[in-house]
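Below, each chain spelled out in residue letters.
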Amino acid sequence: MEENMYDTDTTGEPSARRQLAGADARAELLEASLSRWGDTVLRLAVNRTDNRSDAEDVFQTVFMRLYQAAPRFTDDEHEKAWLLRVTMNCCADLHRSPWRKQRAVYDDETAAALPAPPAPNAGDLANAALAQALTRLSGKQRAAVHLHYYEGYSTDEIAQITGEQPATVRSHLHRARKALRLDLGAHE
């Protein structure tokens, strides 16, 4: 009984000691999730936004939401799926943002002032061709390819993460593979 008296203040709010314990637990969850799934979240965000800077913003938002919500996960896969779902939602929010619609316009003088990229080697050319081909896919196709081939999810799991039907995910994968074969076959 005495312990409960110290767990709340006179307004019924949690005491400072209890709030600190909760903050410590959230910080531990955040730290563990960042080390375990941070790269995965960032890769998906880069894949969905096509922009490293926007992807880093999404990354921060995802882990801020994790810290604020501090959900209880049944296992590592549940945690990973939650993070990927939140990442997809944050990317969709970013695409709807009015800030996203404003693009910088570069003139010839600005483009000439930018440093030239380094000369690529043969391995880089193959990766660059694949990266270029992936950027030409629709956002939903790119997300399906990323979650299936890079993260190892089945179509049913991708459907749960993206909120689509499994048949729709299979259609995205089929169309993406077909487009990649045509696109990459033209570069050989």
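Quantities reported herein were computed from a predicted structural model and do not represent experimental measurements.

## A word on the nonpolar core
Reasoning step 1: Formed by 18 residues in total, the largest nonpolar core has its most connected members in Leu84, Leu137, Val145, Leu147, Tyr153 and Ile161.
Reasoning step 2: Breaking this core down by element, the ones donating at least two residues are helix H4 (76–96), helix H7 (122–135), helix H8 (139–150), helix H9 (155–162) and helix H10 (166–186).
Reasoning step 3: Non-local contacts of Val145, meaning those with residues more than four positions away in its chain, are made with Leu134, Leu137, Tyr150, Leu173 and Ala176.
Reasoning step 4: Core analysis: the second largest hydrophobic core is formed by 16 residues, Val41, Val58, Val62 and Phe73 among them.

## Re the confidence of the model for the protein chain
Reasoning step 1: Residue-level pLDDT values for the protein chain average 79, and 72% of them are 70 or greater.
Reasoning step 2: Mean pLDDT across the secondary structure elements of the protein chain bottoms out at helix H1 (residues 2–7), with 46, and peaks at helix H3 (residues 52–69), with 92.
Reasoning step 3: In this model, residues 1–8 is a region of pLDDT below 50 whose contacts with residues beyond four sequence positions or in other chains number 10 contacts.
Reasoning step 4: With pLDDT under 50 throughout, residues 103–107 is counted as low confidence; its partners more than four residues away or in other chains account for 0 contacts.

## As for the pattern of salt bridges
Reasoning step 1: Counted under the stated rule, the structure contains 10 salt bridges.
Reasoning step 2: For Arg36, the salt bridge is made with Glu79, and the minimal N-O distance between the two is 2.9 Å. With Arg36 in helix H2 (residues 16–49) and Glu79 in helix H4, this pair connects stretches of sequence that are 43 residues apart.
Reasoning step 3: Accessibility expressed as a relative area gives 38% for Arg36, which makes it partly exposed.
Reasoning step 4: Note on Glu79: relative accessible area 5%, which makes it buried.

## So, H9
Reasoning step 1: Within the sequence span of H9, burial applies to Thr155, Ile158, Ala159, Ile161 and Thr162. In a view along the axis of H9, the buried residues occupy a sector of 165°, so they form one face of it.

## Details of the environment of Ala129
Reasoning step 1: Tracing the sequence through the fold places Ala129 in helix H7.
Reasoning step 2: Each C-alpha atom, one on Ala129 and one on Asp183, is 9.0 Å from the other, the two residues being 54 residues apart in sequence.

## What about the packing of H3 against H4?
Reasoning step 1: Two numbers describe how H3 lies on H4: the axes approach to 9 Å, and their chain directions differ by 130°. Relative to H4, the element H3 lies oblique. In the crossing of H3 with H4, the sense of the turn from one axis to the other is right-handed. Contacts between H3 and H4 pair Asp54, Val58, Thr61, Val62, Phe63, Arg65, Leu66 and Ala69 from the former with Trp82, Leu83, Val86, Thr87, Cys90, Cys91, Asp93 and Leu94 from the latter.
Reasoning step 2: Looking at side-chain class alone, the contact of H3 with H4 contains 11 nonpolar, 2 polar and 3 charged residues.

## As for the layout of surface pockets
A water-sized probe, rolled over the atoms, reveals where empty space remains.
Reasoning step 1: There is about 320 Å³ of room inside the largest pocket.
Reasoning step 2: Lining the largest pocket are 14 residues, and of these Arg43, Val46, Asn47, Leu134 and Tyr150 lie nearest its centre.
Reasoning step 3: When residues of the lining of the largest pocket are traced back to their parent elements, those giving at least two are H2, H7 and H8.
Reasoning step 4: Here the lining of the largest pocket takes 5 residues from H7, the largest share from any one element.
Reasoning step 5: Every residue lining the second largest pocket is counted, 13 residues in all, and those nearest its centre are Arg48, Met88, Lys140, Thr162 and Glu164.
Reasoning step 6: Among the elements of the structure, H4, H8, H9 and H10 are those that each provide at least two residues to the lining of the second largest pocket.
Reasoning step 7: Top element by residues in the lining of the second largest pocket is H4. It accounts for 4 residues.

Rules and cut-offs
Residues numbered from 1 in each chain as written. Predicted model: local features only at pLDDT ≥ 70, side-chain atom pairs only at ≥ 80, totals over all residues. Heavy atoms only, no water. Core = buried A, V, L, I, M, F, W, Y, C linked by side-chain atoms within 4.5 Å. Buried < 20%, exposed > 50% of the residue type's maximum accessible area, 1.4 Å probe, protein only. Helix = DSSP H or I, 4+ residues; strand = E, 2+ residues; numbered from the N terminus. Contact = heavy atoms within 4.5 Å. pLDDT = per-residue confidence, 0-100. Salt bridge = Lys/Arg side-chain N within 4 Å of Asp/Glu carboxyl O. Arc of directions from axis to C-beta. Axes fitted to C-alpha atoms, helices over the stretch in contact; angles between N-to-C directions. Parallel < 35°, antiparallel > 145°, perpendicular 65-115°, else oblique. Left-handed = near helix turned anticlockwise from the far one by under 90°. Nonpolar A, V, L, I, M, F, W, Y, C, P; charged D, E, K, R; others polar. 1 Å grid on protein atoms, 1.4 Å probe; cavity = no way out; pocket = protein on both sides within 12 Å on 5 of 7 lines; lining within 4 Å. Points joined across faces, edges and corners; volume = space filled by probe spheres on them.

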